[in-house]
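# Coordinates in review
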Amino acid sequence: MPRKLVTVRRISALTPIKGADRIESATIDGWTCIVSVGDFKPGDLGVYFEIDSLLPGSDERWAFLAANSGRSGSPPADIRIQTIRIRKVLSQGLLVPPAVCPEVVEVMDRLQKELGRAGMEERILTMSFEDVLGVRKFEGVTSEFKTAGNIEPLAEFPSFIPKTDQERVQNMPNVVDEWRDAVFQETTKMDGSSMTVYYVRRDSPYYDLLPPLPEKTVASQHPNGRVGVCSRNRELGEHMGKQARNGSFFWATAQAAGIPEALARCDRNLALQGELCGSTIQKNFEGFGAGVHEFYLFSIWDMDARRYLPPREVHEVWAPRLGVKHVAVEGYRPLGEIASSVADLVKRADGNGLYGRKREGIVLKHVDGAFSFKAISNSYLLKHGE
Ligand code: ATP
Ligand code: MN
Ligand code: MN
């Protein structure tokens, strides 16, 4: 599901901020966001821009957010919504009254005529408005080919494997109540780059969907099937593995870990999904030694069953069988025992990574593999700005 960056939300509470009389803290689902006093009352609807929204700098209504209006002559820079702390209060996102966005008000009016007030509210809360407002997602230094712009991907990401993604827990205000008794696997969220390694048997329908292989590719080909390596959004050519560039550690790491051979031995239509971490990935927030790159498995997609294998089986059976590292597992417990609220889950996200540095957060997966979400550490967000 594509991330909804701009949505209409209901403000559940407004809390004064000590020592400030012009601003207050608004609660929307699991988020808190600083607003001007008088903009909202509890129960009002507001237009909410999630963190990492990139607002068009050319749109005058956001000029008040710009750090500086740019050098004269150059167009104003786009504005990134980040996590900030004002007077010790966390503010995540931008929340404005609908009147600031006539594009949204227009839709609200039309829906209200069609469906009445209650019907309009029900519908509007499910819509997203990033396109009409020209908002994009901030993809900074982390974007996959930033330092490897000269590298041509082999193909689009395979259509028969889901792309990795996790919803933020703040957008699931009732998650603990709804899943209280269900057992979840709690893992550390690593801050590297998403990597998928798949194996497709020659006799399967997926084989015909694969891109033609360039010449001189050896590691991809196995007697009964074919291996592919993908970043978050692309399948990568095997020849890229030779190049010591950020975007091309994918194949090299898969090969060094013996993943193509291990998958070929299993001879099943499977996709391993994990995090490629190492000294050149992202800003190496984890603290890997120079030149070290590693793949940390977090799930396995079973193409024939069209589902993720149960996370516990992936951790306890598949990772050792394939000889690959697995992301750190905190345990397996009913969600209601892991945490009592969304805020509690966000607090749990604070913690340390592999080498003792602040970790990005946690990912919780239902043990049947069908449902999962993330909680990002607020101290990590404040430190790294993402
Ligand atoms: P953003 O969406 O802000 O660009 P992101 O690339 O980290 O951030 P998210 O939606 O935040 O994507 O989180 C999902 C990603 O987290 C997955 O694509 C995966 O690459 C990564 N990840 C790291 N550790 C884990 C884990 N333990 N379980 C599942 N996914 C993980
Ligand atoms: Mn995402
Ligand atoms: Mn990530």
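From a predicted model like this one, the values you see are computed outputs, not experimental measurements.

## Here we look at the site of ligand 1
- The environment of ligand 1 is made up of 19 residues, and the closest members are Lys137, Thr164, Arg232, Glu275 and Lys374.
- At 2.9 Å, a backbone N or O of Thr188 approaches a nitrogen atom of ligand 1.
- Glu275 has a polar side-chain atom sitting 2.5 Å from an oxygen atom of ligand 1.
- In the complex, the protein chains occlude 89% of the 610 Å² of accessible area that ligand 1 would expose alone.
- Of all the elements in the fold, those that place two or more residues in the shell around ligand 1 are β14 (183-189) and β24 (361-366).
- The element best represented in the shell around ligand 1 is β14, accounting for three residues.
- The residue makeup of the shell around ligand 1, split by class, is four nonpolar, five polar and ten charged.

## Details of the domain arrangement of the chain
- Under the domain assignment used here, the chain contains domain 1 (6-137) and domain 2 (145-383).
- Listed per partner, the contact involves twelve residues of domain 1 and eight residues of domain 2.
- Taken together, the two surfaces of domain 1 and domain 2 that pack against each other cover about 860 Å², and 55% of this comes from carbon and sulfur.
- Considering only the side of domain 1, the residues that lose the most area to domain 2 are Gly30, Trp31 and Thr83, jointly responsible for 39% of the buried surface there.
- In this structure, the salt-bridge partner of Glu50 is Arg168, at a minimum N-O distance of 3.6 Å.
- The interface formed by domain 1 and domain 2 includes five residue pairs in polar contact (both at pLDDT 80 or more).
- For the side of domain 1 that touches domain 2, the elements supplying multiple residues, two or more each, are β8 (83-86) and β9 (89-92).
- The greatest single-element share of the side of domain 1 that touches domain 2, amounting to three residues, is contributed by β8.
- Residue classes in the side of domain 1 that touches domain 2 are distributed as four nonpolar, three polar and five charged.

## What to know about the pattern of salt bridges
- Evaluation of the coordinates by the stated rule reveals 23 salt bridges.
- The shortest N-O distance in the salt bridge between Glu156 and Arg234 comes to 3.8 Å. You can see Glu156 sitting in strand β12 (residues 155-156) and its partner Arg234 sitting in strand β18 (residues 234-236), a full 78 residues away along the chain.
- Of the residues examined, Arg234 reaches a relative accessible area of 28% and is grouped as partly exposed.
- Across the pair Glu316 and Arg312 runs a salt bridge whose closest N-O atoms are separated by 3.1 Å. Taken together, the residues Glu316 and Arg312, both in helix α5 (residues 311-322) and four residues apart, mark about one turn of the helix.
- Under the relative-accessibility criterion, Glu316 is labelled partly exposed at 44%.
- Using a relative accessible area of 38% as the deciding quantity, one classes Arg312 as partly exposed.

## Regarding the packing of aromatic side chains
- Overall, the coordinates contain 13 aromatic pairs when judged by the stated rule.
- Summarising the aromatic geometry, the rings of Phe160 and Tyr198 are spaced 6.2 Å apart at their centres and angled 80° between planes, so their arrangement reads as edge-to-face. Of this pair, Phe160 sits in the loop between β12 and β13 (167-168) while Tyr198 sits in strand β15 (residues 193-201), and the two are 38 residues apart along the sequence. Like Phe160, the residue Tyr198 is buried in the burial classification.
- Ring pairs connect the aromatic residues Trp179, Phe184, Phe371 and Phe373, which therefore count as one cluster.
- The residue whose ring lies beneath Arg312 is Tyr332, and the NZ or CZ to ring-centre distance is 4.1 Å.
- Over the aromatic face of Trp318 sits the side chain of Arg321, whose NZ or CZ is 4.3 Å from the ring centroid.

Cut-off values and rules
Residues numbered from 1 in each chain as written. Chains lettered and ligands numbered in written order. Predicted model: local features only at pLDDT ≥ 70, side-chain atom pairs only at ≥ 80, totals over all residues. Heavy atoms only, no water. Near = heavy atom within 4 Å. Polar contact = N/O pair within 3.5 Å; in protein donor to acceptor, adjacent residues only side chain to side chain. Areas by Shrake-Rupley, 256 points an atom, 1.4 Å probe, with all protein chains shown as cover. Helix = DSSP H or I, 4+ residues; strand = E, 2+ residues; numbered from the N terminus. Nonpolar A, V, L, I, M, F, W, Y, C, P; charged D, E, K, R; others polar. Domains from an automatic or database assignment. Contact = heavy atoms within 4.5 Å. Buried area = accessible area lost by both parts, 1.4 Å probe. Salt bridge = Lys/Arg side-chain N within 4 Å of Asp/Glu carboxyl O. Buried < 20%, exposed > 50% of the residue type's maximum accessible area, 1.4 Å probe, protein only. Phe/Tyr/Trp six-rings, centres within 6.5 Å; stacked < 30°, edge-to-face > 60°. Lys NZ or Arg CZ within 6 Å of the ring centre and 35° of its normal.

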